[in-house]
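Structure assessment
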Amino acid sequence: MRTSQPQTIYLSDYKVPAYLVDTVDLRFELFEDGARVHSTLEVRRNPESGEVSAPLELDGDSLTLESVTLDGAELAEGDYEDRGDQLVVRSVPEQFSLTVVTWIEPQNNTRLEGLYKSSGMFCTQCEAEGFRCITFFPDRPDVMARFRTRIEANRDAYPVLLSNGNDVEKGELENGRHFVTWEDPFPKPCYLFALVAGDLVEKRDTFSTCSGRDIDLRMYVEPRNAEKCDHAMDSLKRSMRWDEEVYGREYDLDIFMIVAVDDFNMGAMENKGLNIFNSSCVLASQETATDMAFQRIEAIVAHEYFHNWSGNRVTCRDWFQLSLKEGFTVFRDSQFSADMGSPTVKRIEDVTLLRTAQFAEDGGPMAHPVRPASYMEISNFYTLTIYEKGAEVVRMIHTLLGPDMFRKGSDLYFERHDGQAVTTDDFVKAMEDASGRDLGQFRLWYEQAGTPVLNVSDDYDAGKGVYRLTIEQSIPDTPGQTNKKPQHIPFALGLLGKDGQPLALQLESGYSGAPMERVLELTEAVHTFEFHGVESRPVPSLLRHFSAPVRVRYNWTREQLLFLMSHDPDGFNRWDAGQRLAVDVIQSLVGAPDDTEIEPRLVEAYRKLISDADLDQALVAKMLQLPSEAYLIELSENADVPAIHRARDAVLRHLAGALKGELLACYQRHQGSGPYEITPEAIARRSLRNTALAWLLLINDEDGRTLAVSQLNDADNMTDRMGALRALVNSGFEADRQQALDDFYDRFQDDPQVVEQWFSVQAASDQAGQLSDIRKLLEHPAFDWKNPNKIRSVVGAFAGQNLAAFHNPDGSGYEFLADQVCRLDDSNPQIAARLVTPLTRWRKFAFAYSAQMKSALERIRDKSGLSRDVYEVVHKSLAE
Ligand SMILES: [Zn+2]
């Protein structure tokens, strides 16, 4: 049951809990028509709370209450109040034992919060507020308790029964039923509770920790997926070792378990000792998963594992502090991925996501600080700002302190707060105390929303040999926040001389031995820096490694960008210079006549990139990707998407046509030989080959077509097979496209994860993904409205990636999305609220589009019985 009038919850209203729970004893009786949950809590008044006569208030959602027992005596109905979303017991002693019995219906739970069924198995998702859908409980992260969980179910249907911690007892029951009891010795908030019951196969391995303890590693999957576990298991072991070496963190339980579940709202969940994963984020084999999927799986397995310390051992005091665990853990997993592969490529990927999607969020109606001050529905705050910008904020602390001091800070943080529920302030305080640095002004990164803008200007005094750089910062207004204060920004830079050599950065005259790269610290609205001993006008390399999540505005000439593309020693800025140049060229074509000349120097720069086998091929593979339409939209005001699409397409086609010979040579040069490997070199090789193929097919090249068809049929891995399929789908070869799609489906129809890729390659294609095609996909027998992955792979891919079709000037794309959001709002409001995002950006677009987007939003707003999740997003985006 949801309250009809969504309430806003404020950080400033935070109060410590009136009651603490020391232990939770759970007994689950699982049946086909429902589940009975017996929960016994050992409760005591919180000595820190001033509210000595407060009633006991437990949260609940969609529960049928059967009985309440206090210290062994069953309460009569007048002794408590069942408000649906709360169970209130007015008079309780200082310390007591409370048993609550509830009945729930997991088989009818389509929201996928709490306990539900997926492909015949029972599983849970309790973060953020799912535990209240299982039983009445103080559902807030600062109530930490020790859990003991007994699960009872039919042995044949559910041979595997799992929960957090260690299994301490098991046995047979009457009527073909059995039970297992689990005990978790570590106190935890209820959002980390997990339960799984199903017919699953087990894959085992072991890990020996730095102190010599052997940990039992187990993966549980459906029998058909038994061969897809190796990569996740290897990733887990690498993560465990890395966390010991880099952060000094050892695993604490005797068992670590991972379960793969098909129907899951999120990517994965870090429940203590029992991580539950969306199948698409954990299962992989060479034949069914792309390189990108392999890398994503490694990163997500690491992320969830790292939470065991940053999230579980030290958790959040309240949900406003979500970035305490998410920002820090995303930073940790990105460090890990950088160490496992190419650091420059990893940085490029992270920044691409940040600049495209997080900057858009920061500039839109849902903009919020890394530590929000209010929310209606916490599920709406699992955002790129909390995760990605939160990780950038931690990265900046790392940059300001340096790796050694940062490690001291993280050690102090874990030591000081082990077993506690704390705040982002506590995290920053530990960093300050360990390093002696003052991060007072830095804390504004947690409090102020919006992406800072740095306007950079420069001048050169040839007579004195002085180069002067002026940096002015401003932070745009965001909903509820104006007149923001300057933030503390680490700004890494270098200067390049005429010959492309890096120059020493002398901030005072007459001083020698200065470094070639510096991190300037910006704290004021305006700073001017003078560099001495500069013999000719340098080319600045600004914000190296993207040292802060800001927008840099500087009047680069195309000449300078070309120079940086080939000379900047910072790989990230080399890539970025290429992106800026391509953006400049594409933007100059938006709305221009068809015969406008396309910058010949861009063609030559790309020719050099494709042909030069001595360059770092992983970086080249990234540099060849033109800026996405989404990024181009993010950079524009009053965006006209079809015009942007046409301009970008024209550049792509022009490049492909001019470089046809080089593309064919590049394809041949990177032909695979030898066994499939997941190394940065092999990944780069496949990426380059598939980029070459995609470009050739974009201009309907016959040679490319022959190559694509044979690659599609002969590939020994999904990266190449998918590369060929995508190229054919986006080409004008209509007969080949249909043939390729049909063959592919025939081959993989029994594998849901591959079918999801098959859906999304069509939904995201401007050739195969017109609205009528999308409607056909929704009617396809493999499509399932109850499965979030399928919804994302069709509806999400269409609205998020097939931008020209979604922004059809007739408004049909918007109406379509509004229909699907309304449809999903009843069954799965979390997914509905995420799906609506593209419409919420309506102010970004030219009037012809924005007016229609707005009216689609208004239609959603007017739906009766709108969920709190969708209500919040839609109302905020329509607010003035
Ligand atoms: Zn996380």
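Since this is a predicted model, take the numbers as computed values, not measurements.

**Quick word on the UniProt feature "domain: Aminopeptidase N-like N-terminal" (unreviewed entry) in the chain**
Under the local residue numbering, the UniProt record ascribes the feature "domain: Aminopeptidase N-like N-terminal" (unreviewed entry) to residues 97-192. Measuring from the first to the last C-alpha atom of residues 97-192 gives 22 Å, for a span that is 0% helix and 53% strand.

**Remarks on the pattern of salt bridges**
According to the stated counting rule, one finds 80 salt bridges in the structure shown. Put simply, Asp411 and Arg407 hold a salt bridge, and the shortest N to O gap is 2.9 Å. Residue Asp411 and its partner Arg407 are both found in helix H6 (residues 403-417); the two are separated by four residues, about one turn of the helix. The class for Asp411 is partly exposed, based on a relative accessible area of 24%. Taking the shortest distance from any N to any O, the salt bridge between Glu634 and Arg551 comes out at 3.1 Å. Remark: Arg551 occurs in strand E31 (residues 551-553) and Glu634 occurs in helix H13 (residues 629-635); sequence separation between them is 83 residues. What makes Glu634 buried here is its relative accessible area of 6%.

**Notes on the environment of Val180**
Summarising the element assignment, Val180 is placed in strand E15 (residues 177-188). Taking the C-alpha atoms as reference, Val180 lies 27 Å from Met240; in sequence the two are 60 residues apart. With sequence-adjacent residues up to four places away left out, Val180 is seen in contact with Thr149, Arg150, Ile151, Leu161, Asp167, Glu169 and Lys170.

**Quick look at the packing of helix H15 (residues 660-669) against helix H17 (residues 702-714)**
Put simply, H15 and H17 touch, their axes get as near as 11 Å, and they point 20 degrees apart. Our classification of the angle between H15 and H17 gives roughly parallel. As for the relative orientation of H15 and H17, their crossing is left-handed in sense. Packed against H15, whose contacting residues are Lys660, Leu664, Tyr667 and Gln668, the element H17 presents Asp703, Leu707 and Gln711 at the interface.

**Some points on helix H4 (residues 343-362)**
Within H4, the axis deviates most sharply at Arg355, by approximately 35 degrees. Summarising burial for H4: 14 of the 20 residues are buried, a large majority.

Quick notes on the rules
Residues numbered from 1 in each chain as written. Predicted model: local features only at pLDDT ≥ 70, side-chain atom pairs only at ≥ 80, totals over all residues. Heavy atoms only, no water. UniProt positions renumbered as here; feature names shortened; annotations may be inferred. Helix = DSSP H or I, 4+ residues; strand = E, 2+ residues; numbered from the N terminus. Salt bridge = Lys/Arg side-chain N within 4 Å of Asp/Glu carboxyl O. Buried < 20%, exposed > 50% of the residue type's maximum accessible area, 1.4 Å probe, protein only. Contact = heavy atoms within 4.5 Å. Axes fitted to C-alpha atoms, helices over the stretch in contact; angles between N-to-C directions. Parallel < 35°, antiparallel > 145°, perpendicular 65-115°, else oblique. Left-handed = near helix turned anticlockwise from the far one by under 90°. Bend = angle between axes of the 7 residues up to and from the residue.

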